Every structure is written in structure tokens, then in C-alpha cells.
Amino acid sequence: MTANIPITEKKRIVIIGGGFAGFTLARRLNDKYYQVVLLDRFNYHQFQPLLYQVATAGLEPSAISFPFRKIFQAKKDCHFRLCEVLKINSEQSCVETSVGIIKYDYLVIASGCMTNYFGLENIRASAMPMKSVSEALGLRNLLLETFEKALCTVDLEERQAILNIVVVGGGPTGVEVSGALAEMKNYILPKDYKGVDFSKMQVYLIEAAPALLAAMSKKASAKSLHFLQKMGVQVLLNTPVKDYIEGKVVFADGTNIATQTVIWASGMIATAPEGLDTPGIIGRGKRLIVDSFSRVTSMENIFAIGDVCLQTEAAYPNGHPQLAQVAMQQARNLAKNFKHMQSGKSKSAFHYRDKGSMATIGRNKAVVDLPFFSFQGFFAWIVWMVVHLMLILGVKNKLLTVMDWMWSYLKYNPSLRLIIRPTEKSRLF
């Protein structure tokens with residue numbers, strides 16, 4: 001196969017990954033001066049902060065997804081290729097992909113992260129991750145099939161194991177999905193499955209650290225714990241997961257919980273393509289070490305931005321947090337530097353500006369940390385919705401999201417509880 005990218009006299013920038021970092025960079029680069037080639041294994045940009053709402057039937061997948069080809073219709077020399085990146089050949093300045101070899105003048109790696117199971121192979125085989133729309137849909141199917149199974153199970157012990165849902169990881173994703181499941185249990189599921197006593201359903205949130213939302217303030221952490229416990233979530237802190245054996249999540253202290261549904265939201269590890277294995281390039285969490293201009297160590301024309309890169313500065317000696325805001329700010333800075341490189345101006349070093357962090361726990365419940373103050377509750381929930389709505393691409397997607405949110409708020413009865421299975425497995429390449 002061939003990637004079939006037009007030959008041009010302009011320098012070519014190849015971007016691996018269409019997440020927040022790669023997508024933002026591709027949009028900001030001027031294709032008048034550079035040919036831009038974006039590579040991704042999905043043909044759409046996905047708004048990851050709301051994946052948990054797709055997984056819990058609160059939003060439809062199309063509301064948080066936007067096709068790359070539609071985004072770049074107005075750019076004449078910006079090209080998208082749906083493919084798997086197999087290897088980077090830095091000596092020949094090319095990328096080996098499932099659609100052929102693609103040459104580059106500049107390469108930007110923005111491949112993001114994947115789920116980190118910390119070597120727990122039984123967990124890897126049994127738990128459900130949530131890093132993509134397809135995984136979120138898979139989790140939605142699993143949850144709904146679980147409730148269908150509970151309805152048809154007579155044995156009380158087996159039914160309890162079915163109704164126990166274990167969420168591992170007390171970061172924003174774990175907190176948000178636990179809150180959404182608690183709301184389903186309290187307001188939605190009893191209306192759908194009248195033969196099941198959902199007072200027996202238990203949502204467990206497991207965190208190895210002594211507090212939830214470790215990256216946020218102590219006040220936000222404590223308030224999120226209070227909200228979740230009030231909603232009926234069983235929160236277990238200082239409880240590392242050791243294994244999953246014979247239908248039970250086993251903890252480091254030997255205790256266990258019988259469950260058929262484990263949602264893994266505990267960690268992530270960078271996904272840099274093969275080929276960059278020179279000593280001194282790979283750092284903590286398998287992230288690519290970059291300088292203040294996002295250039296990969298010892299590489300002249302290879303850059304890395306977003307979750308896959310590791311840049312240290314005085315305020316962040318262990319690297320920047322792996323957040324969407326960091327990725328987008330790095331992309332904007334790199335786009336500006338490419339412009340300066342074209343015009344002969346000096347490049348600008350990247351310095352992360354922390355604009356705050358937030359997490360929602362449920363209806364009227366959220367926590368927000370801004371640089372100068374923190375707040376929680378209803379107003380924080382409104383702020384959380386407004387900020388996330390602004391970041392979603394496309395007017396139609398924004399309207400769909402608002403309509404789903406309003407309907408759920410007024411009726412406590414979203415209509416997206418569909419089990420959709422693929423008819424067959426297929427791959428293009």
C-alpha cells in the first residue's frame with residue numbers, strides 16, 4: 001500500500017496522534033508554508049474527559065467525536081491518513097505505517113498514553129479500560145449486559161457478585177464514573193429492571209493512595225469523598241489492588257470483593273512508537289524526554305508534545321501533569337515555533353500555565369480548583385459543564401450534549417441505554 005500523499009516543495013510536518021496535542025497542532029499550523037500530515041488509528045478526534053458519560057449511557061458517542069476530514073476540509077495541504085504507526089526511522093526521516101512509508105522533514109509525536117495495568121496480567125485480561133470511544137461503548141455494553149444478567153439470576157450470592165461494580169483508581173475518571181454509576185443505581189436502573197433490588201447493588205471505588213483526586217487540593221479531595229459517600233459509593237482508600245482471581249478482586253491485605261465487573265481507571269503509560277530507543281530518550285512512565293522547545297533529546301527534527309513527552313521545569317521537576325490543558329498549550333507553542341522557524345525568528349520556550357483543574361461527581365456536585373481559590377457544589381458543577389461544553393468541537397455536538405444533559409437533569413431518564421454489538425470483526429489494514 002501507499003499513503004498517496006502529494007509531493008510538494010514545502011517542508012512536510014508529520015504528526016502522530018490526533019488527541020488534544022496533535023489535533024490542536026494540526027489546526028494551528030499554516031499549510032501555506034508547511035505540508036501537514038496527521039496520522040491516527042481512529043478517523044475522529046474524541047473528547048476524552050466525557051468518555052465516562054458515553055460509558056454510563058449519559059451521552060451518545062457522536063456528541064464527543066468529530067471527524068478529522070471534516071475538520072480539515074478548508075486546509076488545502078493538510079492530509080489525514082487512517083493507519084497504525086509501526087516504527088520511526090530517524091536515520092532516514094520516515095515513519096513506517098500500515099499504509100506504507102511516509103517521509104517527513106519534521107516529525108511530531110503526540111501519540112498520548114494507554115492504560116497501565118502495572119504488570120497485573122489477570123486485571124489486564126478481565127478489567128475494562130476507558131481510553132477511547134470504542135472502549136467506552138464496550139463498557140456501556142458490559143454494564144447493561146450485567147444488569148440483564150442480574151435480572152435472570154436466581155442464586156443470591158451470584159446475583160450479588162453481578163451487582164458489585166468495582167472501579168479502580170481515584171483520579172478524575174474513577175471519581176466521575178463512580179458518581180455516574182451511583183446516580184444510575186439510585187434513579188434509573190430501578191425503573192428499567194423491576195425484578196432487581198438495586199439497594200443491594202454496590203459501587204466500590206478503590207484507591208491505593210490515602211486520598212482521592214491526589215492532584216487537586218485537599219479541600220477538593222475531601223469534598224469529593226463526602227459527595228461520593230453520600231451517594232452510596234463505597235470508597236476504599238489505602239487499598240492497593242493485587243490481583244483478580246476466580247471472580248474476585250484481591251487486595252494487598254488479602255481481602256477481596258466478588259465482582260464480575262472491574263473498571264480500570266488507575267494509571268496510564270506513554271505510547272511512543274518503536275524506533276526511539278536511544279539511551280537517554282525514554283524517561284519516567286516511558287515518556288519521551290524533550291527540551292523546553294518540545295524537541296526530543298538528541299533528535300534534530302523530532303518533537304513530542306502532550307502525554308507522551310516529559311519536560312521538566314522549576315515548578316514541575318517530575319514533568320508536567322498529563323492533562324488536556326498541558327497538551328493544548330504545548331501544541332500552540334510548537335505551532336508558533338514552526339511559524340518562527342519559517343520566518344527566521346527565535347523560538348519560544350514552553351512554560352505551562354496552570355489554569356486549574358476540576359472534576360464532577362454527579363448532579364449538582366463538582367469540585368473546582370483555580371490558581372487562587374477552590375469551590376465545590378452546585379456552582380462548581382455549572383462551571384464544569386460550561387468549560388467542557390466550550391471545549392467540545394462543533395455546534396451540532398455542543399447542542400447534542402446540552403440536550404442530553406438537560407433531558408437527563410429534568411427527567412432522570414436518558415434514552416441511550418442500548419446494547420450495540422458489532423456483527424463481525426473487521427480491519428481495513
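Please read these numbers as outputs of a predicted model, since none were measured by experiment. Think of each chain on its own: its residues are numbered from 1, step by step along the sequence as written. pLDDT decides what is reported in this predicted model: residues at 70 or higher carry local features, side-chain atom pairs at 80 or more are listed and counted, and totals for whole chains, interfaces and linings draw on all residues regardless. To obtain the side-chain values, all non-hydrogen atoms of the structure were included, while hydrogens and water were left out.

(A) Focus on helix α1 (residues 20-28). Working definition: with a 1.4 Å probe on protein chains only, accessible area under 20% of the residue-type maximum means buried, over 50% means exposed, and in between means partly exposed. Helix numbering and strand numbering both begin at the N terminus, where a helix is a DSSP run of H or I of at least 4 residues and a strand a DSSP run of E of at least 2. Of all nine residues in α1, seven are buried, a share of seventy percent or more. On its buried face, α1 sits against β1 (11-16), β2 (34-40), β3 (44-46), α3 (68-71), β9 (106-109) and α9 (324-343). Any two residues having at least one pair of non-hydrogen atoms within 4.5 Å are treated as being in contact.

(B) Molecular detail of the pairing of strand β8 (residues 100-103). Here strand β7 (residues 94-97) runs beside β8; their pairing, made up of four bridges, is antiparallel. Within β8, the position partnered with valine 95 by the bridge is isoleucine 102. Between the end of β7 and the start of β8, which pair antiparallel, lie two residues. In short, DSSP must find at least two bridges between two strands for them to pair.

(C) Spotlight on empty space enclosed by the protein. Points on a 1 Å grid, built from protein atoms alone, make a cavity when a 1.4 Å probe fits but cannot get out and make a pocket when they are open with protein on both sides within 12 Å along at least 5 of 7 lines; residues with an atom within 4 Å of a point are the lining residues. Grid points are joined across faces, edges and corners, and a volume is the space filled by probe spheres set on the points. Inspection of the entire model under this criterion finds one cavity of 30 Å³ or more. Reported here for the largest cavity is a volume of approximately 50 Å³. In terms of lining, the largest cavity is formed by His45, Phe47, Ile64, Ser65, Phe66, Leu391, Ile392, Leu393 and Asn397. For this scheme, ten residues count as nonpolar: Ala, Val, Leu, Ile, Met, Phe, Trp, Tyr, Cys and Pro. Four count as charged, namely Asp, Glu, Lys and Arg, and the remainder, Gly too, count as polar. Counted by class, the lining of the largest cavity contains six nonpolar, three polar and no charged residues.

(D) Structural context of the environment of glutamate 176. Within the secondary structure layout, glutamate 176 lies in helix α7 (residues 172-192). For glutamate 176, a relative accessible area of 7% corresponds to the buried category. Along the chain, glutamate 176 and isoleucine 361 lie 185 residues apart, while their C-alpha atoms are 5.1 Å from each other. Those residues in contact with glutamate 176 that sit more than four places away from it in its chain are Pro49, Tyr52, Met358, Ala359, Thr360 and Trp384.

(E) Examining the sheet that holds strand β6 (residues 85-89) more closely. Ordered by their spatial adjacency, three strands build an open sheet running β6-β7-β8, and the pairing between neighbours is antiparallel. The open sheet is flanked by β6 and β8, the only strands paired with a single partner. Across the sheet, the mean angle from the axis of one strand to that of its neighbour is 20 degrees, orientation sign disregarded. The axes used here are C-alpha line fits, helices contributing only the stretch in contact, and every angle between their N-to-C directions lies in the interval 0 to 180 degrees.

(F) Region of the structure containing the pairing of β6. The sheet contact formed by β6 and β7 spans four bridges and is antiparallel. By the bridge assignment, asparagine 89 is partnered in β7 with cysteine 94. Hairpin connection, β6 to β7: the antiparallel pair is bridged by four residues, and serine 93 has positive phi, about 50 degrees.

(G) Quick look at the sheet that holds strand β5 (residues 78-82). Strand order in the open sheet formed by five strands is β5-β2-β1-β9-β20, and the pairing between neighbours is parallel. If you trace the sheet from one side to the other, it starts and ends with β5 and β20 (302-304), each paired once. In this sheet, neighbouring strand axes are inclined to one another by 20 degrees on average, regardless of whether the strands run parallel or antiparallel. Here β2 pairs with β5 via five bridges, running parallel. Residue valine 37 lies in a different strand from β5, and its bridge partner there is histidine 79. Most of the contacts of α9 go to β9, to which it runs at about 170 degrees, and overall it touches β1, β2, β9 and β20.

(H) Quick look at the packing of aromatic side chains. Each aromatic pair joins two rings of Phe, Tyr and Trp (for Trp, the six-membered one) with centres within 6.5 Å, and gets the label stacked for planes under 30 degrees apart, edge-to-face for over 60, and tilted for any other angle. All told, the structure shown has 19 aromatic pairs when counted by the stated rule. With 5.4 Å between their ring centres and 35 degrees between their planes, phenylalanine 42 and tyrosine 44 make a pair best called tilted. Across the pair, tyrosine 44 and phenylalanine 42 agree in class, each one buried. Ring plane angle 40 degrees and centroid distance 6.0 Å describe the contact between phenylalanine 378 and tryptophan 381, whose orientation is recorded as tilted. Of this pair, phenylalanine 378 and tryptophan 381 both sit in helix α10 (residues 378-391), three residues apart, which is roughly one turn of that helix.

(I) Spotlight on α9. In a helix, the anticipated span is given by 1.5 Å times the number of residues less one. For α9, with 20 residues, the first-to-last C-alpha span of 29 Å sits near the 28 Å given by 1.5 Å per residue. Turning to α9, its buried residues number three or more, namely Val326, Ala327, Met328, Gln329, Gln330, Ala331, Asn333, Leu334, Ala335, Asn337, Phe338 and His340.

(J) Region of interest: the layout of surface pockets. Considering only enclosed or pocket space, the second largest pocket measures out at about 570 Å³ in volume. Lining the second largest pocket are 27 residues, with Gln53, Glu183, Trp405, Ser408 and Tyr409 positioned closest to its centre. Elements with a minimum of two residues in the lining of the second largest pocket: α2 (51-55), α7, β22 (357-362), α10 and α11 (395-411). Taken together, the residues of the lining of the second largest pocket sort by class into 17 nonpolar, seven polar and three charged.

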